[in-house]
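Remarks on the overall topology
Chain residues, written in single-letter form:
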Amino acid sequence: MAMQVQPPGSGLFSQPPFRAPSPYQRFVSPYQLQNAQNPFANPNAALPPASINAQSSLDFTGKQLRRSIYRKTIDYNSSVVRYLENRIWQRPFVDRHAVQPDELYDALLTPPLDWVDNPVNCVTTKFMRQSTNKNRCPIFCVCWTPDGRRLITGASSGEFTLWNGLTFNFETILQAHEGSVRAMVWSHNDQWMITGDSNGFIKYWQSNMNNVKMFQAHKDPVRALSFSPLDTKFASCSDDGTVRVFDFRTSTEELTLRGHGADVKCVDWHPQKSLIISGSKDSQQPIILWDPKSGKKLNVLHAHKNTCMDLRWNPHNGLWLATASRDHLCKVFDLRNLKEEMQTFRAHKKEASALAWHPVHETLFASAGSDGSIYFWLVGADKELGGMDDAHEGMIWSLSWHPLGHLLVSGSNDHSTKFWTRNRPGDQMTDKYNLNMQSKEDESMLHDDGVGFSFVSSNSDVVMPGLGLEGDMLQQLRMRHDDDGIPGYGSEDADRRKNQSRPVNRQFERSWTTGKTSGIALLPVPPKHSDDVEVERAPVKRGLLGDAPPMPTMSMMDADYRMRPSHDVDERMHYASAADEDWRVPPQQAFMPYMNQSLDESYEQERHNRRGGRKRDGKNDNYGPSRKEKRAGKNRGKNRGFRGRMQ
């Protein structure tokens, strides 16, 4: 018996094919419900814009979509992988690829471990992000986790806040202490963290932020904590003027170091040896070196004239000691010679409040001040490598470097935590934090467009080392500019002001300007006669068709007017007004009578006019002076005042 094959979907247990609903079938707006009740509504009518925006702001579950936010990210994984690849073939530093100041070389940027010979690479002056808690309060201490994935901040409210190490966004917050968190430090084995608060309590924390133990070490606020090289003991200092040594396992006090006469602000255990250094508010004994075994003073450093706010041993060599004080100074001492400081760093305008040695470069450290400034120093260099005068709006309490050394975090009294990173190749460093590192010429090209600072194009010449004017010579040459002013009357130097007894004559200024701007040598003057008057000749421009006719200047017209034998008063006024009118019209029209005459003809005509137009036959023509004019010429002294007023 043959079986009949049924078509798919015709059986008893068959399911209809799945069809995804269209986007218009998922949601029904109030506008569609209103039209559904109206049988005469147009089904093809377009939805209003308000309903379309309402649908686009909802996801498939009907919840409101969150607005996407752009976050700056510093992902060091790719650069670390590139460093590990290059380490296979790269032995000396000369084998490293050269990085040029261009954006195309961003991919070649590697971690500071690959730039041990160049500590300037870790001057982190580029602002990345500012993180602030909802409960705005001062940030007293910042500390990275040993793996560098998170940042822990301790606030005056006693809360721990964890921030992501890549995107710098908020992760979690927990109430750690009842008082302000004043100290925070990780052990050398990266397994334990101890913290101290303003009530004198110390707590033990694991890497998963699990609180293990708590005890009261001081009656006054705890200012600083430091582990011993083997993590079996730790030291704490307080405002009660003592430094105490505790056993980490039993949490018992083993030794109390008394010697400071005031609050002890900082303490640090030597990274390799059994030595403790502490700094206090006492002006008599500001810095003391202790022996934790016997509890005796080994040395007293009278280095600062005010409170020592922070001090740190160099974690690389263990020989250098950096101190920061309220006397605006940062100093570095050598353990082998503590009689005098090895170097003094001067740049802070107010109190220096925090220090942090770089985890990779031995000679690099950062310092912070009470005015919100951050500076980067290199041991052996006279001036700072870089700095930010307005990094924060308040006092900076703590600094912490990322374990890789490419990030710096600062916690301030302005309730914010800021992340700073290195400038990439090609960065123009035009933000407000890098303005003090620009030269004066670069600052003149900056333009504030509201969002940030951008460069304005200029025609300034770029001088390459060895191929142009180096040093201050280029600036001096730029300052020397040609001035078209009259010597003694014009403004040759903007900074030099000369008192003028009376204003400059306009006709003299015009004649000077006309003669100076021509830039062509004057024509040779014909031989003088006994009755000739020396007149300034206009320059002649030589062209392809020969010499151009002379162009008289204002000085020539003035001389022609002044040297006439005699004129009537009305004639003088008419002549002067005509000369002034000639200067108001274009030069071609004003000097049209001279354009059609040669040089000799114009000279003879001018000479004839000066002689009064007298002919050889002795007769007087229209140009000759009359008897009335001769009498007026004898009385020139009477008209001298009028002539001065007319000029």
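None of the values given here were measured: they were computed from a predicted structure.

Details of the overall build of the protein
Along the protein, the regular secondary structure elements total 14 helices and 32 strands. Sorting the 647 residues of the protein into buried and exposed places 38% on the buried side. Considering only contacts in the protein between residues 6 or more positions apart, those separated by 24 or more positions represent 46%. Here the protein has roughly 39,900 Å² of accessible surface; of this, 50% comes from carbon and sulfur atoms.

As for unusual backbone geometry
Notably, Met209 is not glycine yet its phi reads approximately 60°, a positive angle. By the element assignment, Met209 lies in the loop between β8 (201-206) and β9 (211-216). For Met209, a relative accessible area of 14% gives the class buried. The phi torsion at Asp231 lies on the positive side, around 65°, for a residue other than glycine. Relative to the assigned elements, Asp231 resides in the loop between β10 (222-227) and β11 (233-238).

Some details on the sheet that holds strand β19 (residues 320-325)
Pairing is antiparallel in the open sheet, where 4 strands are placed in the order β18-β19-β20-β21. Looking along the sheet, the strands with just one partner apiece sit at the ends: β18 (308-313) and β21 (343-346). For this sheet, the mean inter-axis angle between neighbouring strands, taken without regard to orientation, is 15°. Taken together, the 5 bridges between β19 and strand β20 (residues 329-334) define a ladder with antiparallel strand orientation. Each bridged residue has a counterpart across the sheet, and for Leu321 the counterpart in β20 is Phe333.

Some points on the layout of surface pockets
Taken as a whole, the largest pocket encloses approximately 1,600 Å³ of empty space. The wall of the largest pocket is formed by 48 residues, among which Cys143, Met184, Val185, Arg312 and Leu399 lie closest to the centre. Secondary structure elements with two or more residues in the lining of the largest pocket: β2 (139-144), β6 (181-186), β10, β14 (264-269), β18, β22 (352-357) and β26 (396-401). At 6 residues, β26 tops the list of elements feeding residues into the lining of the largest pocket.

Side note on the nonpolar core
By size, the foremost hydrophobic cluster in this structure holds 16 residues, and its most contacted members are Ile374, Phe376, Met388, Leu399, Leu408 and Trp420. For this core, the secondary-structure elements that each account for two or more residues are β22, β23 (364-369), β24 (374-378) and β26. Considering each element in turn, this core owes the most residues, 3 residues, to β26. If we skip the residues at most four places from it in the chain, Ile374 touches Ser367, Ala368, Gly386, Gly387, Met388, Ala391, Ile396, Leu399, Leu408, Ser410 and Trp420.

Some remarks on the confidence of the model for the protein
Residues with a pLDDT of 70 or more make up 58% of the protein, whose mean pLDDT is 74. Confidence drops under pLDDT 50 across residues 490-500; counting only partners more than four residues distant or on other chains, this segment forms 8 contacts.

So, the pairing of β14
Of all the 6 residues making up β14, 6 are buried; the element is thus mostly covered by neighbouring parts of the structure. Bridge count for β14 against strand β15 (residues 276-280) is 5 bridges, and the pairing is antiparallel. By the bridge assignment for β15, Val264 is matched with Ser280. In textbook terms, the turn of a hairpin is the stretch between consecutive antiparallel strands, and for β14 and β15 this stretch comprises 6 residues.

Examining the sheet that holds strand β4 (residues 159-164)
Strand pairing in a sheet is mediated by backbone hydrogen bonds. Such pairs are either parallel or antiparallel. Here we have 4 strands laid out as an open sheet, ordered β2-β3-β4-β5, and antiparallel in their pairing. The open sheet has two edge strands with one neighbour each: β2 and β5 (170-175). With strand direction ignored, the average angle separating the axes of adjacent strands in the sheet is 20°. Judged from the 5 bridges that link them, strand β3 (residues 150-155) and β4 form a sheet pairing that is antiparallel.

Some points on the packing of aromatic side chains
In total, this model carries 22 aromatic pairs according to the counting rule given. On the numbers, 5.5 Å between centres and 65° between planes, the contact of Phe127 with Trp420 is edge-to-face. Taken together, the residues span a long stretch of sequence, with Phe127 in strand β1 (residues 126-131) and Trp420 in strand β28 (residues 417-421) at a distance of 293 residues. Taken together, a centroid distance of 6.1 Å and an interplanar angle of 85° make the contact between Tyr204 and Phe215 edge-to-face. Linking Tyr204 in strand β8 with Phe215 in strand β9, this pair joins segments that are 11 residues apart in sequence. Taken individually, Tyr204 and Phe215 each receive the classification buried, so the pair is uniform in this respect. Grouping aromatic residues by their ring pairs yields a cluster made of Trp192, Tyr204, Phe215, Phe227, Phe234, Phe246 and Phe248. We note Arg96 situated over the ring of Trp115; from NZ or CZ to the ring centre the distance is 4.1 Å. Its guanidinium or amino end placed over the ring of Trp397, Arg182 lies 5.2 Å from that ring's centre, counting from NZ or CZ.

Rules of the game
- Sequence order as written defines residue numbering, which begins from 1 separately in each chain.
- Two thresholds apply to this predicted model, a pLDDT of at least 70 for residue-level local features and 80 or more for giving and counting side-chain atom pairs, whereas whole-chain, interface and lining totals are computed over all residues.
- Side-chain figures throughout are based on the complete set of non-hydrogen atoms in the structure, without hydrogens or water.
- By the criteria applied, helices consist of DSSP H or I runs no shorter than four residues and strands consist of E runs no shorter than two, each listed in order from the N terminus.
- Any residue under 20% of the maximum accessible area for its type is buried, any over 50% is exposed, and the rest in between are partly exposed; the area is computed with a 1.4 Å probe on protein chains only.
- Should any heavy atoms of two residues lie within 4.5 Å, those residues are considered in contact.
- Using a 1.4 Å probe, the Shrake-Rupley method yields the accessible areas, and only the shown protein chains count as cover for residues.
- A pair of strands is considered paired only if DSSP assigns at least 2 bridges between the two.
- The convention used is that axes are lines fitted to C-alpha atoms, helices contributing only their stretch in contact, and that angles between N-to-C directions extend from 0 to 180 degrees.
- A cavity, in this analysis, means grid points on a 1 Å lattice covering only the protein atoms where a 1.4 Å probe fits yet has no way out; a pocket is instead an open set bounded by protein on both sides within 12 Å along at least five of seven lines, and a residue lines either one if it has an atom within 4 Å of a point.
- Grid points are joined across faces, edges and corners, and a volume is the space filled by probe spheres set on the points.
- Among buried residues, the Ala, Val, Leu, Ile, Met, Phe, Trp, Tyr and Cys ones that are joined through side-chain atoms within 4.5 Å form a nonpolar core.
- Per-residue confidence from the predictor is reported as pLDDT, a score between 0 and 100.
- Whether two aromatic rings pair depends on their centres lying within 6.5 Å, for rings of Phe, Tyr and Trp, where Trp uses its six-membered ring; planes under 30 degrees apart make the pair stacked, over 60 edge-to-face, and the rest tilted.
- For a ring to carry a charge above it, either NZ of a lysine or CZ of an arginine must fall within 6 Å of the ring centroid while also lying within 35 degrees of the normal to the ring plane.

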